[in-house]
Amino acid sequence: MGKFRKLGRHAAHRVSMLRTMVSQLVKHERIETTVAKAKEVRRKADQMVQLGKEGTLDAARRASAFVRGDDVVHKLFTELAYRYKNRAGGYTRLLRTRIRVGDAAPMAYIEFVDRENELREAKPAAPQPPQRVPLDPWAKSRASQQWAGPKISGSTKAEGL
C-alpha cells in the first residue's frame, strides 16, 4: 500500500471522511478544507475521474463502492468523463486561501479544473519540445577534431624502420 497522510484519525474514520469529501467535491465541484485533507482528497478524486473515463461496468462498481450516492456516480461517468476525455491527468486544483481562526490550520479550496466559475483559469498546455536528431555514434565530434593531433597511419611507421 502506498504512503498517505493519517490526518490524526484511525483508519475507518479516515476512509469515511475521504469518501464523503470526494463525494461532496464531485457534487459541488469545489470545497474548502485544510491543505493536508485537500491533498489526500485530490489523489482519490483523480482516481475516481479516471474510473469515470474508463466507463466500464467494473469501473462503475469500483467507483460506486467508494463514493456516496448514485447521483455522484452518474455525474462521474457522464459529465466529468466527457469533460476530461482529452486530459491525461490533473483534474483538480488546490488553491490555498487563509489561516483558520480557531486553530491556525492552513485552509485551501480544492476544485475541478476546466469548469465555469473556477477561481483560477487553467494554464494552457505546454508545447512539446522539438524532436532532436539522434547523434551518429561513428561521426567524429568537434572536440576530437580540434584537440587531437594528426593521425599517423600504420604504413608510415613501417617505412621508417
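Looking up the protein chain in an unreviewed UniProt entry gives the name Ribosomal protein L17, with the organism given as Leersia perrieri. The protein chain has a UniProt comment under Sequence similarities (unreviewed entry) that states "Belongs to the bacterial ribosomal protein bL17 family."

### Focus on the pairing of strand β3 (residues 106-112)
Burial of β3 is extensive: five of the seven residues sit out of reach of the surface. Pairing between strand β1 (residues 30-34) and β3: five bridges, direction antiparallel. Looking across to β3, one finds that E32 is bridged to Y109. Alignment of strand β2 (residues 92-99) against β3, held across six bridges, turns out to be antiparallel. The residue of β3 that forms the bridge with T92 is F112. Adjacent in sequence and paired antiparallel, β2 and β3 are bridged by six residues, among which A104 carries a positive phi angle near 60°.

### Details of the sheet that holds β2
Reading across from one edge, β1-β3-β2 is the order of the three strands in this open sheet, with antiparallel pairing throughout. One side of each edge strand has no neighbouring strand; the edge strands of this open sheet are β1 and β2. Averaged over all neighbouring strand pairs, the angle between strand axes comes to 25°, with direction disregarded. Across the sheet, helix α1 (residues 11-28) touches β1, β2 and β3, and the angle it forms with β1 is around 145°.

So, how was this worked out
Residues numbered from 1 in each chain as written. Predicted model: local features only at pLDDT ≥ 70, side-chain atom pairs only at ≥ 80, totals over all residues. Heavy atoms only, no water. UniProt positions renumbered as here; feature names shortened; annotations may be inferred. Buried < 20%, exposed > 50% of the residue type's maximum accessible area, 1.4 Å probe, protein only. Helix = DSSP H or I, 4+ residues; strand = E, 2+ residues; numbered from the N terminus. Pairing = 2+ DSSP bridges. Axes fitted to C-alpha atoms, helices over the stretch in contact; angles between N-to-C directions. Contact = heavy atoms within 4.5 Å.

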